[in-house]
Amino acid sequence: MLTRLSSDTHEDVYRVEDPASGLRGFIALHSTARGPAAGGLRMRVYDSDEAALRDVLNLSEGMSYKNAAADLPLGGGKAVIMGDPAKDKSPQLLRAMGRAVEQLDGRYWTAEDMGMTPEDMAIMAGVTRFVAGRDDGAHASGDPSPVTAQGVLGAMKVGAARVFGTRDLSGKTVAVQGLGHVGWHLCRLLHDAGARLIVADMDPARTAATARDFNTAVGDPRTIHAADADIFAPCAIGGILNAETIPQIRAKMVAGAANNQLATDADADLLHARGILYLPDYVANGGGIINVSAEILHIEDPAPWVEDKLKAIETTVERILARAEGENASPAHLADRIVENRMLATKAG
Ligand code: NAD
């Protein structure tokens, strides 16, 4: 049921199938040069096999960058299941995916991503040793989202010091797009930091609940990127920074948790040309994988270890921003260069 596909760009790519449970998906190992390939399992409806394959290839490559940016001894991998998590997910299907992960014998570690929960990870843990993000068991690290939000907040403060001359976010207005696992926690932290919030989610009930929780203004999910705010925090979908949205952004900085925020590389230059500071997403949102990796690496006293790694995200962001300013270039390009050098150094070492 694991079929190896050929790839010019990735170390290993597999099609995963289990007709008995209806499982159809892919596992991609972009690189194991820095350590086991680690990255979550996503379940969603795809238009085609090609679309699912494209997603897993992009996401697993992104994980190589994210893990290297967080300086973790992990490579990049990802898995996807094609299907609607609300309708097609079953313990049988999850166990079939777990068996596929187990077959890779630790070269790939999975955890939850979109469409997955810690309960799903617990089911998979019944058949594979290589699953993290569990709620219970030895070294269990639980939901990574609050830690992702904490990392984004830290990165945002580093950016704020450059853009506004202070790390203090009190009185700053932040427009938050997407109020799910990470977005809600980010709102909580920003609220505690004294920031003013404008919040929007496609789900009106979620918007209303978050607005109530933190006494915030409510934005329109279609135009939240253009809100009158100091900072725009994308915490929902990818591709939100594009040729249409960028000219409409009024914030001076973009810093959020969403993966693959830039629709194209050129959009980084568009933001830069408009004088909007963009914090590279895979650097700012590394808190979740840091938390998960404490479980993968069996760290005995995870809290201070995670705290140190979160501080290191801030140092990396500061380094990226300093170099970007020196070169008058987008931080996105500098981040890629710094992380690619880190990956090359690992290979050479
Ligand atoms: P989630 O599914 O819990 O929440 C996403 C929220 O965004 C949902 O409430 C959804 O209704 C809303 N949404 C979807 N499209 C929207 C739109 N166009 N406008 C406004 N709201 C919209 O997901 P999450 O775990 O909070 O992750 C959010 C983003 O952060 C994703 O891109 C994810 O890949 C990324 N990320 C998450 C983590 C983590 O620890 N969970 C770590 C790193 C990166």
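Residues numbered from 1 in each chain as written. Predicted model: local features only at pLDDT ≥ 70, side-chain atom pairs only at ≥ 80, totals over all residues. Heavy atoms only, no water.

### Brief notes about the UniProt feature "binding site: NAD(+)" (unreviewed entry) in the chain
Here comes step 1: Mapped onto the present numbering, the UniProt feature "binding site: NAD(+)" (unreviewed entry) falls at Gly178, Leu179, Gly180, His181, Val182 and Gly183.
Here comes step 2: For Gly178, a relative accessible area of 7% corresponds to the buried category.
Here comes step 3: When sequence neighbours within four positions are dropped, the list of residues in contact with Gly178 reads Gly183, Ala200, Asp201, Cys235 and Ala236.
Here comes step 4: Position of Leu179 among the secondary structure elements: in the loop between strand E8 (173-177) and helix H6 (181-192).
Here comes step 5: Here Leu179 falls in the buried class, since its relative accessible area comes to 2%. (UniProt positions renumbered as here; feature names shortened; annotations may be inferred. Buried < 20%, exposed > 50% of the residue type's maximum accessible area, 1.4 Å probe, protein only. Contact = heavy atoms within 4.5 Å. Helix = DSSP H or I, 4+ residues; strand = E, 2+ residues; numbered from the N terminus.)

### Regarding the nonpolar core
Here comes step 1: With 88 residues, the main nonpolar core has Ile27, Met97, Met156, Val174, Val176, Leu186 and Leu190 as its most contacted residues.
Here comes step 2: Both domains that furnish three or more residues to this core are identified here as domain 1 (2-58 + 75-125) and domain 2 (145-286 + 315-341).
Here comes step 3: Discounting chain neighbours no more than four positions away, the residues touching Leu190 are Leu153, Met156, Leu169, Val174, Val176, Ala195 and Leu197.
Here comes step 4: Core analysis: the next-biggest nonpolar cluster, separate from the first, contains 19 residues, Ala200, Ile224, Val254 and Tyr278 among them. (Core = buried A, V, L, I, M, F, W, Y, C linked by side-chain atoms within 4.5 Å. Domains from an automatic or database assignment.)

### A short note on the domain arrangement of the chain
Here comes step 1: The domains assigned to the chain are domain 1 (2-58 + 75-125) and domain 2 (145-286 + 315-341).
Here comes step 2: The C-alpha centroid of domain 2 is placed 28 Å from the C-alpha centroid of domain 1.

### Topic: the pattern of salt bridges
Here comes step 1: For the coordinates displayed, the defined rule picks out 20 salt bridges.
Here comes step 2: As a salt-bridge pair, Asp113 and Arg42 come within 2.5 Å of each other at their nearest N and O atoms. You can see Asp113 sitting in the loop between strand E7 (108-109) and helix H4 (118-125) and its partner Arg42 sitting in strand E5 (residues 41-44), a full 71 residues away along the chain.
Here comes step 3: The shortest N-O distance in the salt bridge between Arg337 and Glu327 comes to 3.1 Å. With Arg337 in helix H12 (residues 331-348) and Glu327 in helix H11 (residues 302-327), this pair connects stretches of sequence that are 10 residues apart.
Here comes step 4: The exposure class assigned to Arg337 is partly exposed, which follows from its relative accessible area of 35%.
Here comes step 5: Its relative accessible area of 41% is what places Glu327 among the partly exposed residues. (Salt bridge = Lys/Arg side-chain N within 4 Å of Asp/Glu carboxyl O.)

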